Amino acid sequence: MRDKVEKDFIETIETHRGIIFKVCKMYCPLDEDCDDLYQDIVAQLWRAWKGFRGESKISTWIYRIALNTAISGFRKQKRNPLNQSVSADDLNLSQTDGRQRKEDLEVLHVAINKLSEVEKAMVMLYLDDVSYEEISVIMGITQNNVRVKMLRIREKLKKIMELY
Amino acid sequence: MDELNELKKIWDRSFEKEPVTPDREKLFELVNRRSSGPVGKLKKSLRLEIGAILIAIPLLVAIMFRLSEPYFLFNTGVLVAVFSGSLVYYFHNLQRLEKIWHQSQENIRQSIESTIMLIKFFRKVYFWLNLILFPFGIYFGYIIGFGLGSDGRRVTSLPVFEDLPLLIAVSLIGLIIIALFGLFFIFLKWYVKKLYDVHIRKLEDINHELTEFE
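Since the model is a prediction, treat every value here as computed from it, not as a measurement. (Residues numbered from 1 in each chain as written. Chains lettered and ligands numbered in written order. Predicted model: local features only at pLDDT ≥ 70, side-chain atom pairs only at ≥ 80, totals over all residues. Heavy atoms only, no water.)

Engineer: When you look at the nonpolar core in this model, what are you seeing that I'm missing?
Structural biologist: With 100 residues, the main nonpolar core has Val 23, Tyr 27, Leu 45, Leu 67, Met 122 and Met 139 of chain A as its most contacted residues. With 15 residues, helix H5 (residues 108–149) of chain B is the single largest residue contributor to this core. (Core = buried A, V, L, I, M, F, W, Y, C linked by side-chain atoms within 4.5 Å. Buried < 20%, exposed > 50% of the residue type's maximum accessible area, 1.4 Å probe, protein only. Helix = DSSP H or I, 4+ residues; strand = E, 2+ residues; numbered from the N terminus.)

This is the structure in C-alpha cells:
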C-alpha cells in the first residue's frame, strides 16, 4: 500500500519537477543550498501528500508547499550569490549558449536577489503564468493586494534593471 | 509591465531545458528523510528532550531498587513521576505539532501565521519546562552522587559545611542554589532566543509584508 502511495507521489514529483526546480533557483540560485532546499521541498511535499485531496490543482498545491518551505525554512545562505559569478552549469546552460544569454541571466539573478522573500514568490508565480486569482489563493491574500504588490515589484525591478 | 515582461522572456529562456532531477532511488530516499523546516526543528528539540528523559527514567528505577532507604525510595519515586509526566506532555506536543502542521497548509499566509504561533508556543513550553525540571535535575544528580556514593544512606551534612554555624551553612547552600538557578535561567533565556527569536522575527516581517495592503 505504502509502495503504491510512494510510487504515485514520485510520479507526481517527476511530472512537476519544473516547479520545484524553479523555486530552488529562485530562492538559492547559485549555491549549494539549492540541493538542501530541493530535498526539503520533496520531504515536505511527501509529508503533506497524504492530506492532498485534490481540492486544488496539483500544481497550485506544489507551488504552495514548495514556496512555503523556501520562505519559512531555517536555512542560512552559505554564500552571498551577488558576490559570485554565474557559471553555465549554475544556470543549466550548455557552453555553446551565447554571451548575450548569460548577460540576460545575470540581470535576472541580480534582479531576483534584490527582491524580498514574498516578492520572489510573487514574481515567480507571475513569470510562470499563474493567474492573479491563483496567486491570491496560493499566497492567502486578496487579489487587490496581489495587484498592489505586483505594481510595487514592477517599480522596484524598473530601478534595478535601469541600474544594470 | 515592461520590466516584468522583459524578465519573463529571460525567465522562460532560462528554463527551456528540462531540469535534471534525481533518479527514482534518490527520490525514494528523499521521501523518507526527516524535514529540516521549522516544524522539523521543533520536533528535533522535542525528541532530544524525550531522549534525555527516556534515559533518566530507567536509571531512576534502577536506583530505586538499589537504594532501600524509604527516604530515597520516596524521592526517587517523585522524580520518576515528574519525568514521566513531562514525557507524556512532550509526546502529546509532538503529536500536536504534526496535526497543526497538516492543518496549516491552506496557503502561505496561514502557514506562516501558524508557524509563528507554533514556534512561540514551543519557545514558551521549552523554556518553562526546562526551568521547572532544572531543580529536579539537580536533585537527580544528588541522588546519583550522594545516594549511590554513600551506599544508600541519607546524607545529612557535607564536610565543607561541617565547621560552619548552621545558619551560615544553610544561607550558603541557599545562595549556591539561587546562583545556580539564576545562571541556568540566563543561559536558558539566551539559548531559547538563539534557537527561535531570529526566525520568529523573520517570519513576522514576512507576514507583515504579506498583509500590509489587506
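Back to the text.
Engineer: How do you make sense of the confidence of the model for chain A when you look at a structure like this?
Structural biologist: Where the model shows low pLDDT, its predicted coordinates should not be examined in detail. In the predicted model, chain A carries a mean pLDDT of 79, and 77% of its residues have values of at least 70. With pLDDT under 50 throughout, residues 78–88 of chain A is counted as low confidence; its partners more than four residues away or in other chains account for 21 contacts. (pLDDT = per-residue confidence, 0-100. Contact = heavy atoms within 4.5 Å.)

Engineer: Is there a simple way to explain the packing of helix H2 (residues 17–27) of chain A against helix H4 (residues 58–72) of chain A in this structure?
Structural biologist: A pair of packed helices is characterised by two quantities: the angle between their axes and the separation of those axes. Residues and elements named next belong to chain A. Between H2 and H4, the least distance of the axes is 10 Å, while the angle of their chain directions is 25°. One element, H2, and the other, H4, form an angle in the roughly parallel class. Classified by chirality, the crossing of H4 by H2 is right-handed. The residues of H4 that touch H2, namely those facing Ile 19, Ile 20, Val 23 and Tyr 27, are Ser 59, Ile 62, Tyr 63, Ala 66, Leu 67, Ala 70 and Ile 71. Looking at side-chain class alone, the contact of H2 with H4 contains 10 nonpolar, one polar and no charged residues. (Axes fitted to C-alpha atoms, helices over the stretch in contact; angles between N-to-C directions. Parallel < 35°, antiparallel > 145°, perpendicular 65-115°, else oblique. Left-handed = near helix turned anticlockwise from the far one by under 90°. Nonpolar A, V, L, I, M, F, W, Y, C, P; charged D, E, K, R; others polar.)

Engineer: Teacher, can you tell me more about H2 of chain A here?
Structural biologist: Side chains that are three or four residues apart share a direction in an α-helix, a result of its 3.6 residues per turn. Counted residue by residue, H2 of chain A has nine buried out of 11 residues, so it is predominantly covered. Within H2 of chain A, the full set of buried residues consists of Ile 19, Ile 20, Phe 21, Lys 22, Val 23, Cys 24, Lys 25, Met 26 and Tyr 27 of chain A.

Engineer: Please explain the packing of aromatic side chains as it appears in this structure.
Structural biologist: To describe a pair of aromatic rings, you give the distance between the ring centres and the angle between the ring planes. Counted according to the given criterion, the structure contains 14 aromatic pairs over all chains. Relative to Phe 52 of chain A, the ring of Trp 49 of chain A has its centre 6.2 Å away and its plane inclined at 20°; by these criteria the two rings are stacked. Overall, the relative accessible area of 14% leaves Trp 49 of chain A in the buried class. Plain terms: the ring middles of Phe 134 of chain B and Phe 181 of chain B are 5.9 Å apart, the flat faces sit at 50° to each other, and that makes the pair tilted. With Phe 134 of chain B in helix H5 and Phe 181 of chain B in helix H7 (residues 166–211), this pair connects stretches of sequence that are 47 residues apart. (Phe/Tyr/Trp six-rings, centres within 6.5 Å; stacked < 30°, edge-to-face > 60°.)

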